[in-house]
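Summary of structural features
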Amino acid sequence: MCHRFHIKTGAQAIADMLDATNQCEEGAFQQELFPLATVPVIRADASSSLELVACHWSLLPRTWKPSAKYPTWKSFVRKYPTFNARSESIDEKLSFRQSFADRRALIPATAFFEHGFYFGLEGVETFWFAGLWDRCTVAEETIETCTIVTTQANRLVGRHHPRNRMPVILADEDARKRWMDPAISRRGELQDLFRPLADDRMTHWPAEPAQ
C-alpha cells in the first residue's frame, strides 16, 4: 500500500495546473508525506469548481464520534488505518463508500515510495492519485481528511511491494475529469481507471540511505 509520497510542487503551482482556486498557504504541507500528515487535495467546492485544500491523510468517516476507547480521531485511524482505500471494495466498505459516491478528489505527487525505491512518471514531474476526502464535525472542531485509492501493482512496482499494490494514478486529463465527474456514482463506470499504469510510463530510482 502507499504509505509515503513526495510532493515538491508548491501550492499555487499545483492549483494552477488544474485551474483550481488555491486555499492553501505556501508551506501548508511538507515535501515528504506520511499518514496523518497534512497533504494537498484538489476537490470540488460548493459551486462545483475545483479548489486546492489541505487535508489530513487518513480518512475519517463523517459519522465518527469519540468514545472512551478512541477519544481522538487520530487514535481511531491508527487502530483502523484508512490512508489507503482498495479500489476493489471502494463502493462497499463502510469507511469509504459515501466518500466514493460524492467526495472524490485528486492528490498530487512527484513520487511515491515502496521498499527502498521511489516511483514516478516518465517525463512528468507532478502527477495525480485518485483520492477521496471527507469532513467530520465533532463538537466545534471540523476535521477534513483524505485517502489514496490503490489497485493491483504493475510489474515494475510489484517487484518491490510484497502485497502487489500501488496507487491508482490518473495520468491523463480524461481520466481526471471522469474521476471528478459528480454524475458518475457507480464503481463499474470507472473500472478502467483502476487498472495499474503501464510499466513503460513509469520510472523508479533508489532512495538515498538515511544519513
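Residues numbered from 1 in each chain as written. Predicted model: local features only at pLDDT ≥ 70, side-chain atom pairs only at ≥ 80, totals over all residues. Heavy atoms only, no water.

**Considerations on the packing of aromatic side chains**
As enumerated under the stated definition, the model contains 14 aromatic pairs in all. Both rings, one in Phe100 and one in Trp179, keep their centres 6.1 Å apart while their planes meet at 50°; by these two values the pair is tilted. Of the two residues, Phe100 sits in helix H3 (residues 97-102) while Trp179 sits in helix H5 (residues 173-179), which places them 79 residues apart along the sequence. On the accessibility criterion, Trp179 (0% relative accessible area) is buried. (Phe/Tyr/Trp six-rings, centres within 6.5 Å; stacked < 30°, edge-to-face > 60°. Helix = DSSP H or I, 4+ residues; strand = E, 2+ residues; numbered from the N terminus. Buried < 20%, exposed > 50% of the residue type's maximum accessible area, 1.4 Å probe, protein only.)

**Describing the pairing of strand S9 (residues 117-121)**
Moving residue by residue along a regular strand, the side chains alternate between the two faces of the sheet. Among the 5 residues that make up S9, 4 are buried, leaving the element largely enclosed by the rest of the structure. With 3 bridges joining them, strand S8 (residues 111-114) and S9 adopt antiparallel strand pairing. Within the sheet, the bridge partner assigned to Phe112 lies in S9 and is Phe119. For S9 and strand S13 (residues 202-206), the ladder comprises 5 bridges, and the chain directions are antiparallel. When the sheet's bridge partners are listed, Phe119 is paired in S13 with His204. (Pairing = 2+ DSSP bridges.)

**A short note on unusual backbone geometry**
Positive phi, normally seen in glycine, also occurs at His115, with a value near 45°. Mapped onto the fold, His115 is located in the loop between S8 and S9. Overall, His115 belongs to the partly exposed group, its relative accessible area being 47%. In this structure, Ala139 is a non-glycine residue whose phi angle is positive, near 55°. Looking at the secondary structure, you find Ala139 in the loop between strand S10 (127-138) and strand S11 (141-152).

**Regarding the pattern of salt bridges**
Inspection of every chain in the model, using the stated rule, returns 13 salt bridges. Note that Arg155 and Asp199 form a salt bridge whose closest N and O atoms lie 3.7 Å from each other. One end of the pair, Arg155, is in helix H4 (residues 155-158); the other, Asp199, is in the loop between H5 and S13, and 44 residues separate them in sequence. By relative accessible area, which is 22% here, Asp199 ends up partly exposed. Arg186 is paired through a salt bridge with Glu189; the nearest N and O atoms lie 3.6 Å apart. (Salt bridge = Lys/Arg side-chain N within 4 Å of Asp/Glu carboxyl O.)

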